[in-house]
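# Breakdown of the fold
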Amino acid sequence: MGDASPLLEVASLREQVERALASRIVAGEVEPGEVLTVPTTAAEFGVSATPVREAMLDLARRGFLAPMRNRGFRVTEVSLDEVRQLREVRRLLEVPPMRELAGRVPEEAAAQLVDLAGEIVRAGDEGRFQDYLEADTTFHLTLLGLTGNRYLVDVVRELRQQTRLTGLVELAETGALTESALEHAELVRLLVDGRGDAAADLMSRHIGHVGGIWSGENED
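My aim in this report is to walk through the structure given alongside it, one point at a time. Not measured: the values here are computed from a predicted model.

What follows is about the nonpolar core. If you look at the biggest cluster of nonpolar residues, it comprises 53 residues, and the most contacted ones within it are Met-56, Leu-65, Met-98, Phe-139, Leu-143, Leu-187 and Leu-191. For this core, the two domains that each supply at least three residues are domain 1 (13–75) and domain 2 (80–209).

Next comes the structure, spelled out in structure tokens:
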């Protein structure tokens, strides 16, 4: 088999840059209003301008960045009301399945979820925000995947891609990020034990951090 085509290599680099930039924006490492330029970002990642420009255009389509003529891309503002609306939709979608899954999580899936829960805690403790967010997303989508409803998984994935969690850096410094990360392992225990109502309540509180402490605000 021949070498990967240049188009595939560019696509892979674009995806890597997009994930890295998105995680920085979501975690609040890059603040709203900050301007990112293609040359500077390309130099930082050690890649050519093409995948960086395409990654930024993708992030602009997702609403994370706004193009500025001859200047680069500005990190957009997202209102707390928008974040809270996303939170409430996620509650509607993710809380009820916890009752359905209680007592029905296969042993192999439970072990995978426990491993992911551990990685979420470690990444949070070490300030690895991209790893934290990727492990967190994988945990939630894997859990919802146990329902067998791929449309549910796809919708929640899209909602998560639009959510800003601008308080993560500060939470990591205070240790509060670890506390919230530990909720994942507790959720698995409740589901394995068949405690559906308790799992649903925990999932509701967990998602409540969106628009709350994960966004630098007090909990509702």
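The discussion continues.
With respect to the helices and strands, the residue Glu-54 is situated in helix H3 (residues 49–61). Sequence spacing of Glu-54 and Val-38 is 16 residues, and the spatial spacing of their C-alpha atoms is 9.6 Å.

A separate point is the pairing of strand S2 (residues 65–68). Side chains on a regular strand alternate between the two faces of the sheet. Sheet topology note: the S2/strand S3 (residues 72–75) ladder contains four bridges and is antiparallel. Opposite Ala-66, over in S3, you have Arg-74 as the bridge partner. Turn length for the S2-S3 hairpin, with the two strands adjacent in sequence and antiparallel, is three residues, and the turn residue Asn-70 shows positive phi of about 65 degrees.

What follows deals with unusual backbone geometry. Positive phi, close to 65 degrees, is recorded for Asn-70, a residue that is not glycine. Residue placement: Asn-70 occurs in the loop between S2 and S3.

Packing of helix H7 (residues 129–145) against helix H8 (residues 150–161) brings their axes to within 9 Å, and their N-to-C directions diverge by 155 degrees. Between H7 and H8, the interaxial angle falls into the category roughly antiparallel. H8 is crossed by H7, and the crossing has right-handed handedness. In this structure, H7 uses Leu-133, Asp-136, Thr-137, His-140, Leu-141, Leu-144 and Gly-145 to contact H8, whose residues at the interface are Leu-152, Val-153, Val-156, Arg-157 and Arg-160. Each residue belonging to the contact of H7 with H8 can be placed in one class, and the counts come to six nonpolar, three polar and three charged.

End to end, H3 covers 18 Å across 13 residues, agreeing with the expected 18 Å (1.5 Å per residue, within 8%). Every buried residue of H3 is listed here: Pro-51, Val-52, Ala-55, Met-56, Asp-58 and Leu-59. Take H3 and look down its axis: the buried residues cluster within an arc of 155 degrees, on one side only. Note on H3: the residue one or two positions beyond its end, Gly-63, has a positive phi of about 90 degrees.

The three strands are arranged S1-S3-S2 in an open sheet whose pairing can be described as antiparallel. For this open sheet the edge positions go to strand S1 (35–36) and S2, each flanked by a neighbour on one side alone. Where H3 meets the sheet, it contacts S1, S2 and S3, and its direction lies at approximately 120 degrees from that of S2.

What follows concerns the pattern of salt bridges. Within this structure, the stated rule accounts for 17 salt bridges. Put simply, Asp-58 and Arg-61 hold a salt bridge, and the shortest N to O gap is 2.2 Å. With Asp-58 and Arg-61 both in helix H3 and three residues apart, this pair spans about one turn of that helix. Relative accessible area serves as the criterion here: at 16%, Asp-58 is assigned to the buried category. Its relative accessible area of 64% is what places Arg-61 among the exposed residues. Measuring nitrogen to oxygen at the nearest pair gives 3.0 Å for the salt bridge that ties Arg-91 to Glu-88. Highlighted residues: Arg-91 and Glu-88, both in helix H4 (residues 80–94), separated by three residues, approximately one helical turn. Residue Arg-91 is classed as partly exposed on the basis of its relative accessible area of 23%. Where salt bridges share partners, they join Glu-119, Arg-122, Glu-126, Arg-128 and Asp-131 into one cluster.

What counts as what
Residue positions are given per chain, counting from 1 as you read along its sequence in written order. Given that this is a predicted model, residues contribute local features only at a pLDDT of at least 70 and side-chain atom pairs are listed and counted only at 80 or more, while totals for whole chains, interfaces and linings are drawn from all residues. Computation of side-chain values: all heavy atoms of the structure, hydrogens and water removed. What is meant by a nonpolar core is a set of buried Ala, Val, Leu, Ile, Met, Phe, Trp, Tyr and Cys residues, joined one to another through side-chain atoms within 4.5 Å. Summary of the burial criterion: residues with accessible area below 20% of their type's maximum are buried, those above 50% are exposed, and those between are partly exposed, where the area comes from a 1.4 Å probe applied to protein chains only. Start and end positions for the domains come from either an automated domain assignment or a database one. Secondary structure elements follow DSSP: runs of H or I no shorter than four residues count as helices, runs of E no shorter than two count as strands, and numbering proceeds from the N terminus. Strand pairing is assigned whenever DSSP identifies at least 2 bridges connecting the two strands. Whenever a helix is involved, its axis is fitted only over the stretch in contact; in every case the axis is a line through C-alpha atoms, and angles between N-to-C directions fall within 0 to 180 degrees. Comment on the angle field: the value is read as roughly parallel under 35 degrees, roughly antiparallel over 145, roughly perpendicular from 65 to 115, and oblique elsewhere. Less than a right angle of anticlockwise turn of the near helix away from the far helix marks a crossing as left-handed, whereas a clockwise turn marks it as right-handed. Should any heavy atoms of two residues lie within 4.5 Å, those residues are considered in contact. Think of it as three bins: nonpolar holds Ala, Val, Leu, Ile, Met, Phe, Trp, Tyr, Cys and Pro, charged holds Asp, Glu, Lys and Arg, and polar takes everything else, Gly as well. In this analysis, the expected span of each helix is defined as 1.5 Å times one less than the number of residues it contains. An arc is given here, and it is the one of the directions from the helix axis to the C-beta atoms. Any Lys or Arg side-chain nitrogen located within 4 Å of an Asp or Glu carboxyl oxygen qualifies as a salt bridge.

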